[in-house]
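Each chain is listed here by its residues.
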Amino acid sequence: MRVLVLGGSSEASALARALAGRGGVEALLSLAGATKSPAPSPIPRRIGGFGGAAGLAGFLREGRYGRLVDATHPFAARISANAAQAAREAGVDHAIFTRGEWLPGPGDHWREVDAIEAALAALGPARKRVLLAVGGAGLDALARDDRHDWIVRSIDRPVASPPGARWIEGRPPFALDDEIALFRALRVETVLCKNSGGAATRAKLDAARALGIPVVMLRRPALPEGVRVFHALDEVLAHLGLHAASP
Ligand SMILES: NC(=O)c1ccc[n+]([C@@H]2O[C@H](COP(=O)([O-])OP(=O)(O)OC[C@H]3O[C@@H](n4cnc5c(N)ncnc54)[C@H](OP(=O)(O)O)[C@@H]3O)[C@@H](O)[C@H]2O)c1
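Residues numbered from 1 in each chain as written. Predicted model: local features only at pLDDT ≥ 70, side-chain atom pairs only at ≥ 80, totals over all residues. Heavy atoms only, no water.

Caption draft 1: Seen up close, the sheet that holds strand β3 (residues 45-47). Pairing is parallel in the open sheet, where 6 strands are placed in the order β3-β2-β1-β4-β5-β12. With one partner strand each, in any of the chains shown, β3 and β12 (228-230) form the two edges of the open sheet. Direction aside, the axes of adjacent strands within the sheet are offset by 25 degrees on average. Looking at chain direction, strand β5 (residues 93-97) and β12 are connected through 3 bridges and run parallel. The residue of β12 that forms the bridge with Ala 95 is Arg 228. The strands that helix α2 (residues 52-62) touches are β1 (2-6), β2 (26-31), β3 and β4 (67-70); relative to β1, the one it contacts most, it runs at about 150 degrees. Against the sheet, helix α3 (residues 77-90) engages β1, β4 and β5, with an angle of about 165 degrees to β4. (Pairing = 2+ DSSP bridges. Helix = DSSP H or I, 4+ residues; strand = E, 2+ residues; numbered from the N terminus. Axes fitted to C-alpha atoms, helices over the stretch in contact; angles between N-to-C directions. Contact = heavy atoms within 4.5 Å.)

Shown next, in the form of structure tokens:
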């Protein structure tokens, strides 16, 4: 069985680990090349775009892949749409492996918005210290916004960021105590983040709740229709006809 795993997420890394060394399985992990130094991969890896849906369909056909698992980040909407189209074109079995989204609970003060422009509006007119935890990409819309004191946290230094923004390097996972200490030290007044879901970056929400800090939360883009979606590794493995990963 030849499996192409579209990665760039902790789900893809977990799936790669679970597929490594399995008899009868040849798996390839594909990364966009967004992170300068990606973590080592336990399975063969390629890096770089395919050239749209048509390019990906060609890649699947030429590589004789029978299975495509889209384990990209929940906000990587373009590659997910391309994957759905390419899998249809190439007649390849296609599944999505993604983490469940975060939900607000008692004590949370969230404003949920659909786009970065709406997030800016939700911040209101008063100047505040905003922790931008949206990754290095997607900051273009903020590149000229000097209405707030921005603190940008990302793995790599962002290409574009708001004027005067302070950059903090940060690679998940983040721990609650560290987040609380950081928020206090930087006097964070609002968090602006994506509803990425998952445990690795959840602590910022728990810290915001503990400190009574409001959160402006970007909702996820819609997933392509008609594709099976799995949230657990064992479910994806079962879908591929494989037994669960050993603990
Ligand atoms: N967006 C986020 O918040 C976020 C956060 C963490 C990690 N990531 C990861 O970073 C990557 C880029 O994110 P994005 O939001 O820029 O994606 P995107 O807008 O959906 O995709 C942009 C282009 O990057 C290429 N690409 C994306 N993922 C790829 C993959 N796994 N393998 C090969 N090519 C890929 C494709 O180029 P072609 O059209 O040329 O094929 C795609 O059209 C994704 O793989 C995602 O999993 C994203």
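Structure shown, so let's carry the discussion forward.
Caption draft 2: Focus on the packing of aromatic side chains. Tallied over the entire structure, the rule returns 2 aromatic pairs. Between Phe 50 and Phe 59, the aromatic rings sit 5.0 Å apart at their centres with planes inclined by 65 degrees, giving edge-to-face as the arrangement. Summarising the aromatic geometry, the rings of Phe 59 and Tyr 65 are spaced 5.9 Å apart at their centres and angled 10 degrees between planes, so their arrangement reads as stacked. The rings of Phe 50, Phe 59 and Tyr 65 are connected pair by pair, giving a single aromatic cluster. (Phe/Tyr/Trp six-rings, centres within 6.5 Å; stacked < 30°, edge-to-face > 60°.)

Caption draft 3: Region of the structure containing the pattern of salt bridges. All chains considered together, the criterion is met by 10 salt bridges. With a shortest N-O distance of 3.1 Å, Asp 114 and Arg 219 are connected by a salt bridge. Highlighted residues: Asp 114 in the loop between β6 (110-113) and α4 (116-123) and Arg 219 in the loop between β11 (215-218) and β12, separated in sequence by 105 residues. When salt bridges that share partners are traced, they join Arg 67, Asp 93 and Arg 228 into one network. (Salt bridge = Lys/Arg side-chain N within 4 Å of Asp/Glu carboxyl O.)

Caption draft 4: Quick look at the nonpolar core. Within the largest apolar cluster, 21 residues are counted, with the highest numbers of intra-cluster contacts made by Val 3, Val 5, Leu 15, Leu 19, Val 69 and Val 236. Counting only elements with at least two residues in this core, the list comes to β1, α1 (10-19), β2, β5 and α7 (233-239). When residues no more than four places from it in sequence are discounted, the contact partners of Leu 15 are Val 5, Val 69, Phe 97, Leu 233, Val 236 and Leu 237. If you look at the next biggest cluster of nonpolar residues, it comprises 18 residues, including Trp 102, Leu 186, Leu 205 and Ala 208. (Core = buried A, V, L, I, M, F, W, Y, C linked by side-chain atoms within 4.5 Å. Buried < 20%, exposed > 50% of the residue type's maximum accessible area, 1.4 Å probe, protein only.)

Caption draft 5: Fine view of the site of the ligand. Close to the ligand lie 22 residues, the nearest being Ser 30, Phe 50, Gly 51, Ile 79 and Lys 194. Here an oxygen atom of the ligand and a backbone polar atom of Ala 76 are 3.3 Å apart. Ile 79 is positioned with one of its backbone polar atoms (N or O) 2.8 Å from an oxygen atom of the ligand. Considering the ligand on its own, with 810 Å² of exposed area, one finds that the protein chains cover 77% of that surface. Elements represented by at least two residues in the shell around the ligand include exactly β2 and α3. The biggest single contributor to the shell around the ligand is α3, with 4 residues. (Near = heavy atom within 4 Å. Polar contact = N/O pair within 3.5 Å; in protein donor to acceptor, adjacent residues only side chain to side chain. Areas by Shrake-Rupley, 256 points an atom, 1.4 Å probe, with all protein chains shown as cover.)

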